[in-house]
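What the coordinates show
Spelled out from the first residue to the last, the chains are:
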Amino acid sequence: MAHEYRKRRRYTEEERRKIFESTDGRCHLCWQPLQFERYGQEWEIDHSRAVARGGSDYLRNLKPAHISCNRSKRDRDSRSVRRAKGAPPRAPLSKAKKAEVRKRRAIKRGIGGGLLGWLFSGPPGAAIGGLLGAASGLKDPDEEELRRRKGNGR
Ligand SMILES: [Zn+2]
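These numbers come from a predicted model, not from an experiment.

**Points about the overall build of the protein chain**
A tally of helices and strands in the protein chain yields 6 helices and 2 strands. Ordered by position in the sequence, the α and β elements of the protein chain form the string α-α-β-β-α-α-α-α. Over its C-alpha atoms the protein chain spans a radius of gyration of 20 Å, topping by over 25% the 15 Å that the globule rule assigns to 154 residues. Taken along the three principal axes of its C-alpha coordinates, the protein chain extends 70 × 35 × 30 Å. Out of the 154 residues belonging to the protein chain, those deemed buried represent 25%. Here the analysis covers contacts within the protein chain between residues at least 6 apart in sequence; of these, 59% occur between residues at least 24 apart.

Here you go:
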């Protein structure tokens, strides 16, 4: 049966590597970092959306998770497990995705900072504000997300 096959599916080294990198090596449920070499002992591959709920075998539905986090998930969806663990509601981002977000944010915040700086002190303020804004945009978006949640007392 197709269902049996999916359950017992084995992953190649390359697939495991891709899945691991899709969250930049974090457990997608609790957001803690995982060690790639500890596949099968520390972490396993989770269907983010369960097969029973119509989730697919496509790589984008497959995420690395601690074995213990994955077991505690049972039939709940990923979002509610993350909430219960105090993690952000979305999955952690891959390195490539983070680079994209950083670039976009650096441009946006650079312009915003520049405008604010201009407002306060004209062209020199615009230069400083632009640089500060761009620098804040370059921070790791996942680290920012985690810090923000801690700041909110979570
Ligand atoms: Zn975990």
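After that view of the structure, there is still more to cover.
**Points about unusual backbone geometry**
One can expect most non-glycine residues to show negative phi and most peptide bonds to be in trans. A positive phi angle, near 70 degrees, is found at tryptophan 31, a position not held by glycine. By secondary structure assignment, the location of tryptophan 31 is in the loop between helix H2 (13–21) and strand S1 (43–47). For tryptophan 31, a count of 21 C-beta atoms within 10 Å gives the class buried.

**Quick word on the environment of leucine 34**
Assignment of secondary structure puts leucine 34 in the loop between H2 and S1. Measuring from C-alpha to C-alpha, the distance between leucine 34 and phenylalanine 20 comes to 8.5 Å, with 14 residues separating the pair along the chain. Those residues in contact with leucine 34 that lie beyond four places of it in its chain are Gly25, Arg26, Cys27, Glu42, Trp43 and Pro64.

**Notes on the domain arrangement of the protein chain**
For the protein chain, the assigned domains are domain 1 (2–84) and domain 2 (95–151). A C-alpha centroid distance of 32 Å is found between domain 1 and domain 2.

**Structural notes on the pairing of S1**
Across the 5 residues that make up S1, a large majority, 4, are buried. As paired elements, S1 and strand S2 (residues 62–66) share 5 bridges and run antiparallel to each other. Bridge pairing in S2 links aspartate 46 to lysine 63.

Rules used in this analysis
Residues numbered from 1 in each chain as written. Predicted model: local features only at pLDDT ≥ 70, side-chain atom pairs only at ≥ 80, totals over all residues. Helix = DSSP H or I, 4+ residues; strand = E, 2+ residues; numbered from the N terminus. Rg over C-alpha atoms; globule rule 2.2 N^0.38 Å. Buried ≥ 20, exposed ≤ 12 C-beta atoms within 10 Å, placed from the backbone. Contact = placed C-beta atoms within 7 Å. Domains from an automatic or database assignment. Pairing = 2+ DSSP bridges.

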